[in-house]
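Working through the structure, step by step
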Amino acid sequence: FLRLSCDTDPQVIYNLMTTQWGLPIPNLVVSVVGGVGHEKIEPWVRNILRKGLVRAAQSTGAWILTGGLRESVSRCVGEAVRDHGAVASAVSQKKVIAIGVAPWGLVHNRQQLVNPQ
């Protein structure tokens, strides 16, 4: 995980993710937003996310950005990427990169992630 200030230079974040973490440079960045709280997601939306979005990200080398919470559309995206990773073989399929950007105040047990050093 990465904890940032709202005024962190995006270039610093990008360099850290590609250079330090070794993420492949994206050909496309897809931001998936929508839905709030615990509203029910229609089955057809789940199917689009589960099949279409993951395939599109895989074939284009895209990064998928979400709100990073276990709610609504972000949760569906997370589940779709998780399920893809569970069935994908390292040889036959590219990894799908999903990045959740959650507000610090909403992260559960966030104090455990604070290290003064």
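What counts as what
- Residues numbered from 1 in each chain as written.
- Predicted model: local features only at pLDDT ≥ 70, side-chain atom pairs only at ≥ 80, totals over all residues.
- Heavy atoms only, no water.
- Core = buried A, V, L, I, M, F, W, Y, C linked by side-chain atoms within 4.5 Å.
- Buried < 20%, exposed > 50% of the residue type's maximum accessible area, 1.4 Å probe, protein only.
- Helix = DSSP H or I, 4+ residues; strand = E, 2+ residues; numbered from the N terminus.
- Contact = heavy atoms within 4.5 Å.
- Pairing = 2+ DSSP bridges.
- Axes fitted to C-alpha atoms, helices over the stretch in contact; angles between N-to-C directions.
- Phe/Tyr/Trp six-rings, centres within 6.5 Å; stacked < 30°, edge-to-face > 60°.
- Lys NZ or Arg CZ within 6 Å of the ring centre and 35° of its normal.

As for the nonpolar core
Counting residues in each nonpolar core, the largest one holds 14 residues, and the members touching the most others are V32, L49, I64 and V77. Mapped by element, the contributors of at least two residues to this core are helix 2 (43–60), strand 2 (62–66) and helix 3 (72–87). It is helix 3 that provides the largest number of residues to this core, a total of five residues. In contact with L49, not counting residues within four places along its chain, are V32, V54, V73, C76, V77 and A80. In this structure, M17, L23, W63 and I99 belong to the second largest nonpolar core, which totals six residues.

Side note on the sheet that holds strand 3 (residues 97–100)
An order of 1-2-3 is seen for the three strands of this open sheet, with the pairing classed as parallel. The sheet is open, and its two borders are formed by strand 1 (28–31) and strand 3, each paired with just one other strand. Taken over all neighbouring pairs, the strand axes of this sheet differ in orientation by 25° on average, direction set aside. Both strand 2 and strand 3 contribute to a ladder of four bridges, which runs parallel. If you follow W63 over to strand 3, its bridge partner there is I97.

Digging into the packing of aromatic side chains
Counted according to the given criterion, the structure contains one aromatic pair. With 6.1 Å between their ring centres and 40° between their planes, Y14 and W63 make a pair best called tilted. Of this pair, Y14 sits in helix 1 (residues 10–20) while W63 is found in strand 2, placing the two residues 49 residues apart along the sequence. Of the residues examined, Y14 reaches a relative accessible area of 28% and is grouped as partly exposed. It is R3 that lies over the ring of W104; its NZ or CZ is 4.8 Å from the centre.

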